[in-house]
Amino acid sequence: MAFKFKGYGGKIIRVDLGREKTVSQPLSSDMAKKFLGGNGFVTKILWDEVKPGLDPFDPENRLIFAIGPLSGTGWPQAGRFEVGAKSPLTGIYGDASCCGHWASELKFAGYDAIVFQGRASKPVYLWVDDDKVELKDAKDVWGKTTSETEKILREQHGKDVQVASCGPAGENLVRFAGILHQRRAAARSGIGAVMGSKKLKAVAVHGSKDVALADPEGFYKFSREIIELYKRDKFIESRAKYGTPILVELMNEIARWPVKNFQTGYTPHAKEIGGERIREEYRIKDRASFGCWARCEKPLMVKQGPYRRIYAKQPEYESLSALGARNWIHNLDVIIYANELCDEYGMDTISTGGTISWAIECYEKGIITKEDTGGLILSWGNTETLIELINKIAKREGFGNLLAEGSLRASKKIGKGSEKYVMHVKGMEIAAQDGRAQKSMGLAHATSSRGADHLKAFPLLDEVVMNEYIVARYGREYLPEMANRLDIKHKPFEVKDGEELCALCDSLLLCKSAGTSLPLFTGAVYYPEMAKAVKLATGMNIDASGMRTIGERIVNLQRAFNIREGISRKDDTLPSRFTEEPAPEGPPKGHVVELEQLLDEYYKLRGWDKETGLIPRKKLEALDLKDVADSLEAMGKLPR
Amino acid sequence: MKVNVVYLTTFREIVGRRSETVELPDGSTLMDLLETLAERSQKFRKELFNPEGGEIRSYNKVALNGIYAEYLNEKFATKLREGDKILIAQGVSGG
Ligand code: SF4
């Protein structure tokens, strides 16, 4: 049946790589109404099409690129695209998103998603030029780095073409490989390795169609109002000036900054790699994605020394942590180079740095030895070893071949108690938030659908005491405890609510990147505004509570996918370093994450079974997911 | 008494340095320190305080030894001690 809403491209591309077939199908109106786009589509398609127990590298895994109804419309901060698959790092639901110009280009070509299945017999890339969709031989780009790939494909197809590609790490099935576009990364969950396993090197897109809106005049008037709000926002102003590295010194001051594999949360060296120093000494200019007012990307120049570079990407806060302080490295030139290497190889910096810091700690404790590393001496602050290990991981050489499996799998091979030092949840390395210093983040990491992750709930209201925003969104009765990052009261509510809001943002592809998402938290852009924007763009009549329900539906369907893979309460956990070892210094000194208490309350609020973390039929049916309840029941995976 | 002040973001640009040691009379409070700093620069004052009422703007954050002022028992009336570390930042969160 033809697709009936405006705003969307109205079509999805299906690609069977094994059979070398591509077809364009109408987008389902029902799926759009229930899941909106982006990670909603990813979740629904993975649930429907990926059988439980499937090896993520099996050709039958799906790799889904999806955008949303606001993509390409100029709505502020709606420039991201989502990529999802069953993750080879965690074995559960996996996704990641990336900003830039790829999403708008796909919309201009007239599509909302591309779904890949099968495995090509030789390396290929997909070329989408409006209605022309072709698989092409990738012999010129296979083995090339991500920026080389983009350059070559743009030379071949034109400079307006937008390219998303996996690098050598994805080709080599590094389990935390990502997908890159314009030096930005859809980094997490190992989706780049799924791309590599399918022998799909890149997706190059060119589009020239207009985006038809339901009420163009109303839509542009409303988006101008919102842009004015964003322009006045102080958080966006500082994000526009410094990007995410501005967080380094602040998070260090509250001792939430991971140092030496989370042994502590504070270092006197943070100022050497913070946003202010980068701006003063390295920055060239600002860059942004389509429709973005925060321009958080900052090309840099390393002026001299062995790591001299004319035009390098500014490492994000997360990368400064993972490649820097987590490995006791405070040499910015080296971190910038290491970050570039990860981008060129196409590897998630968080998992790369996290896995290396696990190995260093194990070496320090005598668990890993020179026999394991092939003679490499691992030590904190060793810049040469960091660079060597990144090269070895991407190429799967020597000890790098073990680390390319991710820290959890690597620890299972090493044994000898090394598992204790893996800072992960469900196999995913934890990002730069020590949960002992912010309890909401501890819980968010434990419950996130893709394994350890801060962005699925993105609980910011307690990060730096957001009293005003808490009152605007929830009311005065949540103060003072909700704003106190060391108090567990109201944190399960903050995380649950954040997960639904973030799922909605990811289905509309709104950027949550730090400060830019803060207006969402002031109540200035919240469910009613998102409902209004979607209505003006598409003509779909979903009110604010309907929007919230979509967020909740997506969260529950991701959980159902994970339950089907065997996940339950026992997996919603944290490393013992967070639950048993008190934070050693700074404001959180003496604190652990009181995870069990937080989880009890979280499941209650979610309407999930407290003992098992499974979802009752009643909850699924209330979210219009009866078919999901039926299949979980058939597997014996509903609570008794 | 001497305390250490660390500036982030806009405040670092206004003051022109990352940190400094500030000398205050014994018994001074956190607000006394902020007033002393604001006395030196109109721009600093304008960025830090609401024009009406003299309160700190909500997007500015002041922490004493890593604890935000809102969570100190005496809030901005908290008495400072020799060697305290005070952080002043604007509009930073989210990561
Ligand atoms: S704020 Fe940064 S990450 Fe977000 S869309 Fe803009 S440039 Fe991209």
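The preceding data block contains the structure.
Keep in mind that this is a model prediction, so the values were computed, not measured. (Residues numbered from 1 in each chain as written. Chains lettered and ligands numbered in written order. Predicted model: local features only at pLDDT ≥ 70, side-chain atom pairs only at ≥ 80, totals over all residues. Heavy atoms only, no water.)

Chemist: Which parts of the structure should I look at to understand unusual backbone geometry?
Modeler: Excluding glycine, residues mostly carry a negative phi; peptide bonds, for their part, are mostly trans. A:Leu479 connects to A:Pro480 through a cis peptide bond whose omega is 0°. Checked against the element boundaries, A:Pro480 lands in the loop between helix 19 (467-473) and helix 20 (491-508). Even without glycine at this site, A:Lys416 takes up a positive phi of about 55°. Along the chain, the position of A:Lys416 falls in the loop between helix 17 (407-414) and strand 15 (424-425). Of note, B:Lys75 is a non-glycine position whose phi angle comes to about 50°, a positive value. When you line up the elements, B:Lys75 lands in the loop between strand 4 (67-68) and strand 5 (85-90). (Helix = DSSP H or I, 4+ residues; strand = E, 2+ residues; numbered from the N terminus.)

Chemist: Just to check I follow, could you spell out the sheet that holds strand 1 (residues 2-7) of chain B for this structure?
Modeler: Consider a sheet: its strands pair through backbone hydrogen bonds, and that pairing is either parallel or antiparallel. All names here are of chain B. As summarised here, the arrangement of the 5 strands in space is 2-1-5-3-4, forming an open sheet in which the pairing is mixed. The open sheet terminates on both sides in strands that have one partner only, identified here as strand 2 (19-23) and strand 4. Across 5 bridges, the pairing between strand 3 (residues 60-64) and strand 5 is antiparallel. Paired with leucine 64 across the bridge in strand 5 is isoleucine 86. (Pairing = 2+ DSSP bridges.)

Chemist: Would you take a moment to explain the pattern of salt bridges for this structure?
Modeler: Pairing of side chains with opposite charge becomes possible as their charged atoms draw close. All names here are of chain A. Per the stated rule, a full pass over the model turns up 63 salt bridges over all chains. Linking arginine 62 and glutamate 49 is a salt bridge whose minimum nitrogen-to-oxygen distance equals 2.7 Å. Separated by 13 residues along the polypeptide, arginine 62 in the loop between helix 2 (38-49) and strand 3 (63-66) and glutamate 49 in helix 2 bring together distant segments of the chain. For glutamate 49, a relative accessible area of 21% gives the class partly exposed. The shortest N-O distance in the salt bridge between arginine 473 and aspartate 497 comes to 3.5 Å. Taken together, the positions of arginine 473 in helix 19 and aspartate 497 in helix 20 put the pair 24 residues apart, joining distant regions of the chain. An identical accessibility class is assigned to arginine 473 and aspartate 497; each is buried. Residues participating in the shared-partner salt-bridge network are Arg617, Glu621, Lys626, Asp630 and Glu633. (Salt bridge = Lys/Arg side-chain N within 4 Å of Asp/Glu carboxyl O. Buried < 20%, exposed > 50% of the residue type's maximum accessible area, 1.4 Å probe, protein only.)

Chemist: Is there a simple way to think about the site of the ligand in this case?
Modeler: Residues and elements named next belong to chain A. Lining the immediate surroundings of the ligand are 10 residues, of which Cys99, Arg184, Cys292, Cys296 and Cys511 lie closest. Its atoms largely coinciding with the cavity grid, the ligand occupies the largest cavity. Looking at the shell around the ligand residue by residue, the class counts come to 5 nonpolar, 3 polar and 2 charged. (Near = heavy atom within 4 Å. 1 Å grid on protein atoms, 1.4 Å probe; cavity = no way out; pocket = protein on both sides within 12 Å on 5 of 7 lines; lining within 4 Å. Sits in = over half its atoms within 2 Å of the grid points. Nonpolar A, V, L, I, M, F, W, Y, C, P; charged D, E, K, R; others polar.)

Chemist: Got a minute to help me understand the interface of chain A and chain B in this structure?
Modeler: One widely used convention gives an interface's size as the accessible area the parts lose upon coming together. Of the residues lining the interface, 39 residues belong to chain A; the matching set on chain B comes to 26 residues. The tally of links between chain A and chain B comes to 7 salt bridges. Put simply, A:Lys234 and B:Glu47 hold a salt bridge, and the shortest N to O gap is 3.8 Å. Our count for the chain A to chain B interface comes out at 17 residue pairs in polar contact (both at pLDDT 80 or more). Contributions of two or more residues to the side of chain A that touches chain B are made by helix 8 (234-242), helix 9 (247-253), helix 10 (275-281) and helix 19 of chain A. In terms of residue count, helix 8 of chain A provides more of the side of chain A that touches chain B than any other element does, 7 residues in total. By residue class, the composition of the side of chain A that touches chain B is 19 nonpolar, 6 polar and 14 charged. (Contact = heavy atoms within 4.5 Å. Polar contact = N/O pair within 3.5 Å; in protein donor to acceptor, adjacent residues only side chain to side chain.)

Chemist: I keep staring at the packing of helix 2 of chain A against helix 20 of chain A and nothing clicks. Help me out?
Modeler: Packed helices, taken two at a time, are described by the angle between their axes plus the distance between the axes. Residues and elements named next belong to chain A. Direction vectors running N to C along helix 2 and helix 20 enclose 95°, while the axes themselves pass 4 Å from each other. Viewed along their axes, helix 2 and helix 20 adopt a mutual orientation that is roughly perpendicular. Where helix 2 approaches helix 20, its residues Gly38, Asn39 and Gly40 are matched on the opposing element by Ala503, Asp506 and Ser507. Here the contact of helix 2 with helix 20 is composed, by residue class, of 1 nonpolar, 4 polar and 1 charged. (Axes fitted to C-alpha atoms, helices over the stretch in contact; angles between N-to-C directions. Parallel < 35°, antiparallel > 145°, perpendicular 65-115°, else oblique.)

Chemist: Help me out: how do you make sense of a nonpolar patch on the surface in this one?
Modeler: Residues and elements named next belong to chain A. On the surface, a cluster of nonpolar side chains totalling about 260 Å² of accessible area is made up of Ile284, Ile310 and Tyr311. On the secondary structure map, isoleucine 310 appears in strand 14 (residues 309-312). According to the relative accessible area criterion, isoleucine 310 is exposed, its value standing at 52%. (Patch = residues over 30% accessible without salt bridge, like charges linked within 9 Å, V, L, I, M, F, W, Y side chains within 5 Å. Areas by Shrake-Rupley, 256 points an atom, 1.4 Å probe, with all protein chains shown as cover.)

Chemist: Explanation requested: the pairing of strand 1 of chain B in the structure shown.
Modeler: On any regular strand, side chains alternate: one points to one face of the sheet, the next to the other face. Residue and element names in this part refer to chain B. Of the pairings in the sheet, the one linking strand 1 to strand 2 comprises 5 bridges and is antiparallel in character. Bridge pairing in strand 2 links asparagine 4 to threonine 21. For strand 1 and strand 5, the ladder comprises 4 bridges, and the chain directions are parallel. Paired with valine 5 across the two strands is isoleucine 86, which belongs to strand 5.

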